[in-house]
Amino acid sequence: MASWLGGLGSGLGQSLGQVGDSLSSLTGQISSFTKDILLEGAEEVGDAATELHVSNSRLREIESINAAQKFENDRLKKVCSDLEEKHEAAELQIKQLSIEYRNQLQQKEVEISHLKARQNALQEQLQKVQTAAHTAQLGAGVLAPATASASYVPGVRHSSGFEGDDMDFGDIIWSQQEINRLSNEVSRLESEVDHWKQIAVSSKMQGTNDAEQNEICKLQNIVKELKQNLSQEIDEHQHELSVLQDAHRQKLLEISRRHREELSEYEERIEELENRLQQDGVSTDAMDDSKITEQKKNAQSLQGGKAEELQVEDEIRELNHKLSSAKAENKNLLKEQELAKLEKIQLAQDYEKLKYEFSVLQRSVAEQDDLLNKPEKLQSKTSLPQDVVRLQQALSEAENEIARLSSLNQGLEKELTSAQHKHENILSPNTEDQNSELNQLRQDLERKEHELDESIAERETLIAELEELDKQNQEATQHMITLKEQLSKQHTETDSIIKQLKFDVDSERKKVSELEIEKMKIIKELDSQKEKLNQCSYALNDLHINKQQLQDNIKNLQEQLRKAQDCNSHSKKEIGELQQRLKEREEELHVSLSKLTEKSNEESNYACQGLILKEREVEIAKLQNDISENKQVNEHLEKSLSDLRTENGKLIATIEELKQELSDTISEKNKVYLEKDTVVEALKMEKRQLESELNQTEKRLLEQAHKYKQTIEELSNARSMDTTALQLEHERLVKLHQEKDFKIAELQSSIEQMETDHQETKEMLTTSLGGQKQLRDLLKEKEVFIEKYKNEALQVKQELEEYMKVSKKQDVFKQNLEEKDRSLAVMKEENNHLKEEIERLKDQQSRSTPVVEPKTLDIIIELESEVTQLKMIRNNLEEEIEVHKKTIEDQNQTTVKLQQALQEQRKEIDESRFQCEQMNVTHERLFLEKDEEIKNLQKTIEQIKTQLHKERQIIQTDSSDLFQETKVQTLNGENGNEKHDLSKAEIERLVKGIKEREMEIKLLNEKNVSLSQQIDQLSKDEVGKLTRIIQEKDLEIQALNARVSSASYRQDVLGLQQQLQAYVREREQVLAVLSEKTRENSQLKTEYRNIMDMVAAKEAALVRLQEENQKLSNRSENSSQDMSRETIQNLSRIIREKDIEIDALSQKCQTLLTVLQTSSTGADNGSGGVNSNQFEELLQERDKLKQQVKKMEEWKQQVITTVQNMQHESAHLQEELHKLQAQISVESDSTSKLQVDYNGLIQSYEQNEKKLKSFSQELAQVQHSIGQLYNTKDLLLSKLDLVSPSLVAASTISQLSSVQHSPPEVLSDECKLLQNELEQLKKKLQEKESTIRTLQENNQRLSDSVATASEIERKSQEGTESEMRQIKEKHDVLQKSLREKDILIKSKSDQLLSVSENLSNKENENELLKQAVTNLKERNLILEMDIRKLKEENENIVARCREKETEFRALQETNMQFSMMLKEKEFESHSMKEKALAFEKLLKEKEQGKTGELNQLLNEVKSMQEKAVTFQQERDQVMVALKQKQMESSALQSEVQHLHEKEQRLNQELERLRNHLLEMEDSYTREALAAEDREVKLRKKVLILEEKLVSSSTAVENASHQASLQVESLQEQLNLVTKQRDETVMQLTISQDQVKQYALSLANLQMVLEQFQQEEKALYSAELERHQKQSAEWKKKAENLEEKVVSLQESLEEANTALDAASRLTEQLDIKEEQIEELKKEGEIRKEMLEDVQNKLMNLMNSTEGKVDKLLMRNLFIGHFHTPKNKRLEVLRLMGSILGIKKEELDQLLSEEQRGVTRWVTGWLGGGAGSKSVPSTPLRPTQQNIFNSSFSELFVKFLETESRPGLPPPKLSVHDMKPLGAAGTGKTSSTPSKSQMQDSAVSAVGRRPDANPFLAPRSAAVPLITPASSSGHLLMKPISDALPTFTPLPVSPDASAGAVLKDLLKQ
């Protein structure tokens, strides 16, 4: 057992890994040591049977280890196969991905090539446009070279190959980035394309089609280059792909290599383990052999000694004594066992305590997570080792006791073994007398052995219990270790979290500090900007002065411009005159040209004129150039004029803007008068610039003056110059104009620079302000983000804690389950071992000799009894395990409840403590107040004697009232807001609060009573004292009265009265509040009862719904789980997709930024407009992407929030559930029980759900293994039938018994809900039982056969013991394998059953929980609705109550009036009665005669009645007044209550306002302090700035002084310039006069020129027209020629074809002529043949009329029998048709019975047996065998071949000529092949050299081999032309042979 367990342990250790630390190893050593000690006695046995037993057990252990190793092997193989499959799947996926990416890359490359081509085309178009524009500008004659702009070829980025060897998809991500980059490039290229398209469209109108051919050539070259580039790029991409693939292959190779290495390691391990097992087995076998030999020797020695029998008897007696002692020891052992059990219970209790401590530890861990206190962690860590120490002590004690028990057991075993030895010595039967004694002894021995077995069984149970204890201990230690590890992990995690948080905080602080620094910088920049502004205001004044100067300059320039315009107008006039002259010259030229044409004969004159013409043409060209230049000058001047005008307008606008800015700056001056230093510096800089500019302008003016002088000089010189000189001067003047324009442009640029500088300063300010705003926004966003992250971190922490708790619980449950499963497996294995032993014993009994049969029978009986006992024990143990499970579950539930209750109690205790403290404080304060009041009252008592007792009572009542008032106020404070929204939780709180308040009121009442008693006692004792004191004080009062005025006394009295009134009011208020509270309490109670009723109803509904759910769950099993999984998967997939999209978008953004940078760099080179457009587009795209990202983030957050909300809702619902359970437990015990059951179900559901997940995975494996096992079982059974069938029967019986015992135990009472599923499982069991029964029947049959065989074998086996041993060994091996398979089958079937049960349970419970959640939600909603309704009802009731009260008052008043009326009426009636009595008396007295007295009496009566009436009226009035007073008082009370409530509300508001005020004051004080600090800082700054101002003001004054000096100097210079200008103007006027003179001369010249030009134009136009006409004619001619050429080519081609055809025709004609000649020869031969054949035929016909060929009929007859029965009628019909029988006769014959026909036919054909052997027709390759196909089919085929049509008429062309084989291809499938046809044709030609190939006979086309003998039939011979042939049948391939025959017969 120990070795077996050790092997198992080692196997488990190897498979699971070294989980435990030093503790686990220690405990493992201790447990192994104890096991070895216990099992030493069992191994040291001398008996052969026991040794065999031990060796068998060892063998079994080894086998079990082997099986475990095999199982591990299989598992590893499965894992390997799974990994390989995954690997293959990954490879396939990667291949697919690579293929997809390759396709995408190719597509992208194609697109890039297309786009590049488009780009190049557009660039070439642009070049064309530019060249066209350039040529248009220069002139029609001049062709400028086209400047090709550098084509923008985007550089393709290539990756540097494979980057890393990690097994991740980096290359895929890189390819994604590449794709994004390429798409961006594509978009950029498209935008460029659009831009160039626009340019092309705009420039197409201007462009010319001059250099198209050159451009086409260029384009072709570019296309070639692009193609080369494309091919290079493709090669590069392919190279990269190949690199990636190689890298991927290397990765895969490495992975596969690692996998193989791991596999080899595993195989080596397995081999080592197998070697160890074999060594162990060999050693045990050797031991067994040695022991057996020793036993044989002992037996021989025992048989020899007969004399020792007496000694044996004595020894037997001694043995009996020893047995009795052993029994006593056994009893002691039992007691010790009980003690061990008790210790076990104690251990279990310790375990539970540990569990509880673990839960406490968990809580502490949670608290640590919250608080992050390290010392608490240390304490928890120290507490853990203490528990470990305690556990170790308990373990050591248990082990000591185990050792003691084992020693006792060893002693017993030794004694028993010795007794057995002695007993066996006596076994040798010597005499018949001793036999009886021996039998008795045997019986005694058997009894003893039975007792011994029992003791052994008990010992084994003890060992099992010990092992279980060891396991528990180990598990506990492992649990502690795991706990420690978890705690350490948590510690490390928390440390890391803390570090991260600290790091975050530091980073945030750094960011804040950086932001502060940036703020400071910005503030400084603002200050500097403000100073600059101030300086700008100064600079503006200077600018105004400068502007005025500039305006003066502009006016001067305008005057100059006017003059220039005048000059222009003059020049225009001159140009017009010149043009006229030119026209005249042209006309003259035309005339001269005409003359020249007439005088063409005179060659010399013509040459001279040609020279003159050339000169004139040169002159004309010059003049044209001059005119164009003049035009350009004019245009330039006009442009400059317009520019100046626009600039003037701009300057005016700027002046206005500057005015506005001045007003703005003046307003800003007041604000920003502090900062001016930087502006002064800027002004200085600008001053320097202005000075430099002024110097430049002075220089320019001087230069202009010099130039003007030069021009004057040149003009003076030009007077004496020719027209050529004039032109040169004109050019100079134009140049001067251009220079002036340039100078004007420079001035304008300087002005623009000034403006841009100003704008830049403005922009700087705005940007700085914008930057501040952005920083603020960023700060706010950062703060918001920080808060969000904090909240998220808190939520994550909470979720982590919850998950940790759940995981811990799950681990605990898993461990419990594993323990139970292990114990069950152990029990089952033991049971199986016992069964195997029983089977072995049975086998031994069957084989043993007949002498020892009774003994073996007894042993079998004993063993069976032991088996039954063991079964009973096993059942008991299983029941105990179930009970323990239940108890553990109950304990878990109770612990959960107790924890909840403890938490609630703690909360209540804390609340009560707080309240008590508050009450004590209030009591102390009240006592102090009362003491003060008592003192005051004692002083007043001396003055007021009469009111002493009353006031004391009032004070007592006041004190009690005040206590009540304080309580009520606290109540009101707490319950003020609770009136509005009474939810469930608040109702509970109210109920608790009310109960607590009631308790407090009771306590206070008791205190009040005690206080009042004390006061009463004091009052009694102190009355005397007080009276004395009063007497003494009266004297003092009198003295004081003299001193004190009456006013102060009255004031005191009034104050006291007011206090009394206030106390009375407060008391009334308190009473009113109490009444309200009691009413509210009653209402709440009623509501609470209603709610409870509702809850009970809902629970009943819940129970029903649960039952319905169970029914539904049977129908729909895995739908809900699948749905949830699918939803989770969908969510995860969507989230992944969104993450991928976000990554892609971020990459896009990066690429866009890079494009932006490139575009910004490219913008400097020249393409500005395009980049700006691109930039705008990119910005828009970025905005869109941002919006998309935001949407995605929002969506993601929504998803997360929804998930969190679901979790929170579930958590809230659970909390509400727990609260409701607590309430129900308080209210009623029955509901609490139901809740407990419900909790139990929930826990069992959770457990079952965990089991379900594991079992569902195992199910598939189990089913697979069962299938394999059944297959192996069948094989083994078949083998066993051959080897030893008897043993098979026994094994099958054992199997059946095990199967019968396998069904699961009855479930507990709690699982009654699962009966439906049990029924289904029972059905499955019944099916399995039916299969088992069939197996049993098979087994019985086998056993019967085995029994018969065994009887025969027993006789033969006596001689063949050696063979039996071999068979036994084989059989043992097979048995072992069988047992293993049986055990596996049993375990798998059990697992199957349990798994199915668990599945069904889980599903039911899952749906139950879902329904419970939904029900709770509904209940919540219903309760809320009910509360709302109740509130509304309450309000309605209050309103009704008020109405009822008013009605009641009115009724009371009416009632009072009625009662008054009644009383008056009664009084009147009474008075009337008295009057009547009085009258009667009067009457009597009258009768008596006493009239005087009567009168007196009457008067008295009247007076009395009047008094009574008055009294009654007064009483009635008083009653009415009283009632009115009461009504008024009640109304006043209600008003007082309302006022009191208002006061309370106002007080609350006052307190709130006070708090608010205090907070506001605090904030104001803080702000005031901050403001003071700021003030101090600002004052310092102001001082600094004032100092700066003083310095700057001095600097400004200096600057202004310098400026004024400069202005004076400039004014002087201006005066000089004006003088110079006047002089220049004078010179200009002179020069203009000269120009006018020149203009006149120019005009004359132009007239002459115009005449020449007109003449030339006429000539040119005439020549042009002539040339055009000629060109048109030539073009027409060329087109005609082209058309002719085309037609000629076509005709040539046709002629060529015709020639070819003619040549072919000639060749063919020659051939045909030869063929015709040959055919003619053949025809003659054929005619001769025909004549011979006809003659022969005629002879034959004459000879063969009325004869039938025997061969034909024989073949038909044989064919008839060969054909199937269905088609025999067809054959008979065919025969009839051949014989010439009519259709009708045949039908009649066939319609009759078949017998007659067949007899007639056979009789007619009789004698066909002796016919000769006929040569059959040869089989063709296409045909099948004759015997396979029917006769009719063969006949049809024969007819088809015979009736094939001849060859078609040959075509003329050589191409259409085909070989003979191709000619005869028909529709049917039975055509001969081409090769055959060719062969036959050749053979035919060989035979007849003169044959024509076109008209080959049918015998050549379809060869029928000639028979060898001459006695062949006509049908077998080749058919000649004379014979009539069948017409060709159009047979379809689908048609059957029968159909074809029918058609034939019809014909």
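These figures come from a predicted structure and were not determined experimentally.

Engineer: How would you summarise the overall build of the chain if you had to cite specific residues and measurements?
Structural biologist: From N to C terminus, the chain includes 31 helices and zero strands. At a minimum sequence separation of 6, the contacts of the chain that also span at least 24 residues come to 88%.

Engineer: Can you lay out helix 28 (residues 1831–1842) for me, pointing to particular residues and giving the numbers?
Structural biologist: Counted at 1.5 Å a residue, the expected span for helix 28 with its 12 residues is 16 Å, and the 16 Å between its end C-alpha atoms agrees. Here helix 28 has its buried residues at Phe1831, Ser1832, Val1836, Leu1839, Glu1840, Thr1841 and Glu1842.

Engineer: Before we move on, can you summarise a positive patch on the surface with the specific residues and values?
Structural biologist: Judged by side-chain charge, Lys907, Arg989, Lys992, Lys995, Lys1085, Arg1089 and Lys1219 come together as a positively charged surface patch. Among the elements of the structure, helix 15 (984–1043) and helix 16 (1046–1115) are those that each provide at least two residues to the positive patch. Considering every element that reaches the positive patch, the biggest residue donor is helix 15, with three residues. Here lysine 1219 lies in helix 18 (residues 1168–1227).

Engineer: So what's going on with the packing of aromatic side chains? Which residues, and what values?
Structural biologist: A ring pair, where both rings are aromatic, is described by two values, the distance of the centres and the angle of the planes. This structure, assessed with the given rule, holds two aromatic pairs. Judged by centre distance (4.8 Å) and plane angle (75 degrees), the ring pair of phenylalanine 1757 and phenylalanine 1761 falls under edge-to-face. Here phenylalanine 1761 and phenylalanine 1757 lie together in helix 24 (residues 1750–1762), a separation of four residues that amounts to about one turn. Classification of phenylalanine 1757 by relative accessible area gives partly exposed; the value is 28%. Positioned above the aromatic ring of tryptophan 1674 is the side chain of lysine 1677, whose terminal nitrogen or guanidinium carbon lies 4.7 Å from the ring centre.

Engineer: Give a description of the environment of lysine 814 that names residues and reports values.
Structural biologist: Among the secondary structure elements, lysine 814 is positioned in helix 12 (residues 723–847). Here the alpha-carbon distance between lysine 814 and glutamine 1247, two residues 433 residues apart in the chain, equals 8.2 Å.

Engineer: Give me the pattern of salt bridges: which residues, what numbers.
Structural biologist: A complete count under the given rule lists 33 salt bridges for this structure. Taking the shortest distance from any N to any O, the salt bridge between arginine 509 and aspartate 506 comes out at 3.9 Å. Separated by three residues within a single helix, arginine 509 and aspartate 506 lie in helix 9 (residues 432–598), roughly one turn from each other. Classification of arginine 509 by relative accessible area gives exposed; the value is 57%. Aspartate 1139 is the partner of lysine 1196 in a salt bridge, and the nearest nitrogen-oxygen pair spans 2.8 Å. With lysine 1196 in helix 18 and aspartate 1139 in helix 17 (residues 1119–1165), this residue pair connects regions lying 57 residues apart in the sequence. Overall, the relative accessible area of 29% leaves lysine 1196 in the partly exposed class. Of the residues examined, aspartate 1139 reaches a relative accessible area of 26% and is grouped as partly exposed.

Engineer: Which residues make up a nonpolar patch on the surface, and what are the values?
Structural biologist: Together, Leu339, Leu342 and Ile345 line one region of the surface with nonpolar side chains, adding up to about 290 Å² of accessible area. Take isoleucine 345: it is sitting in helix 7 (residues 309–371).

Engineer: So, the packing of helix 24 against helix 25 (residues 1768–1779): which residues are in play, and what are the values?
Structural biologist: Axis separation between helix 24 and helix 25 bottoms out at 9 Å; the angle between their running directions is 165 degrees. When the axes of helix 24 and helix 25 are compared, the pair comes out roughly antiparallel. Considering only the axes of helix 24 and helix 25, their crossing is left-handed. Between helix 24 and helix 25, the contacting residues are Met1753, Leu1756, His1760 and Phe1761 on the first element and Arg1768, Val1771, Leu1772, Met1775, Ile1778 and Leu1779 on the second. Along the lines of polarity and charge, the residues of the contact of helix 24 with helix 25 split into eight nonpolar, one polar and one charged.

Engineer: I'd love a proper account of a negative patch on the surface, names of residues and values included.
Structural biologist: The grouping of Glu262, Glu265, Glu267, Glu268, Glu271, Glu272 and Glu274 at the surface amounts to a negative patch. Relative to the helices and strands, glutamate 267 is located in helix 6 (residues 212–304).

Engineer: Hey, could you go over the side chain of glutamine 337 for me, with residue numbers and the actual values?
Structural biologist: Looking at the element boundaries, glutamine 337 is found in helix 7. Those residues within four positions of glutamine 337 in sequence are excluded, and the remaining contacts are Thr461, Leu462 and Glu465.

Engineer: Could you give an account of the packing of helix 25 against helix 26 (residues 1783–1791), naming the residues involved and the relevant values?
Structural biologist: Running from N to C, helix 25 and helix 26 cross one another at 145 degrees; their axes reach a closest spacing of 10 Å. When the axes of helix 25 and helix 26 are compared, the crossing they make is right-handed. For the pair formed by helix 25 and helix 26, the contact residues are Leu1769, Leu1772, Arg1773, Gly1776 and Ser1777 on the first element and Leu1786, Asp1787 and Leu1790 on the second. Residues belonging to the contact of helix 25 with helix 26 are distributed by class as follows: four nonpolar, two polar and two charged.

Engineer: Summarise the confidence of the model for the chain; cite the residues concerned and give the values.
Structural biologist: With 77% of its residues at a pLDDT of at least 70, the chain reaches an overall mean of 78. Here helix 30 (residues 1898–1901) stands out as the element of the chain with the lowest mean pLDDT, 40, in contrast to helix 23 (residues 1491–1744), whose mean of 90 is the highest. In the model, residues 375–382 has pLDDT below 50 throughout and makes eight contacts with residues more than four positions away in sequence or in other chains. Every residue in residues 1849–1912 scores below 50 in pLDDT, and together they form 72 contacts with partners more than four places removed in sequence or on other chains.

Criteria and thresholds
- Residues numbered from 1 in each chain as written.
- Predicted model: local features only at pLDDT ≥ 70, side-chain atom pairs only at ≥ 80, totals over all residues.
- Heavy atoms only, no water.
- Helix = DSSP H or I, 4+ residues; strand = E, 2+ residues; numbered from the N terminus.
- Contact = heavy atoms within 4.5 Å.
- Expected span 1.5 Å × (residues − 1).
- Buried < 20%, exposed > 50% of the residue type's maximum accessible area, 1.4 Å probe, protein only.
- Patch = residues over 30% accessible without salt bridge, like charges linked within 9 Å, V, L, I, M, F, W, Y side chains within 5 Å.
- Areas by Shrake-Rupley, 256 points an atom, 1.4 Å probe, with all protein chains shown as cover.
- Salt bridge = Lys/Arg side-chain N within 4 Å of Asp/Glu carboxyl O.
- Lys, Arg positive; Asp, Glu negative; His and termini not counted.
- Charge placed at Lys NZ, Arg CZ, Asp CG, Glu CD.
- Phe/Tyr/Trp six-rings, centres within 6.5 Å; stacked < 30°, edge-to-face > 60°.
- Lys NZ or Arg CZ within 6 Å of the ring centre and 35° of its normal.
- Axes fitted to C-alpha atoms, helices over the stretch in contact; angles between N-to-C directions.
- Parallel < 35°, antiparallel > 145°, perpendicular 65-115°, else oblique.
- Left-handed = near helix turned anticlockwise from the far one by under 90°.
- Nonpolar A, V, L, I, M, F, W, Y, C, P; charged D, E, K, R; others polar.
- pLDDT = per-residue confidence, 0-100.

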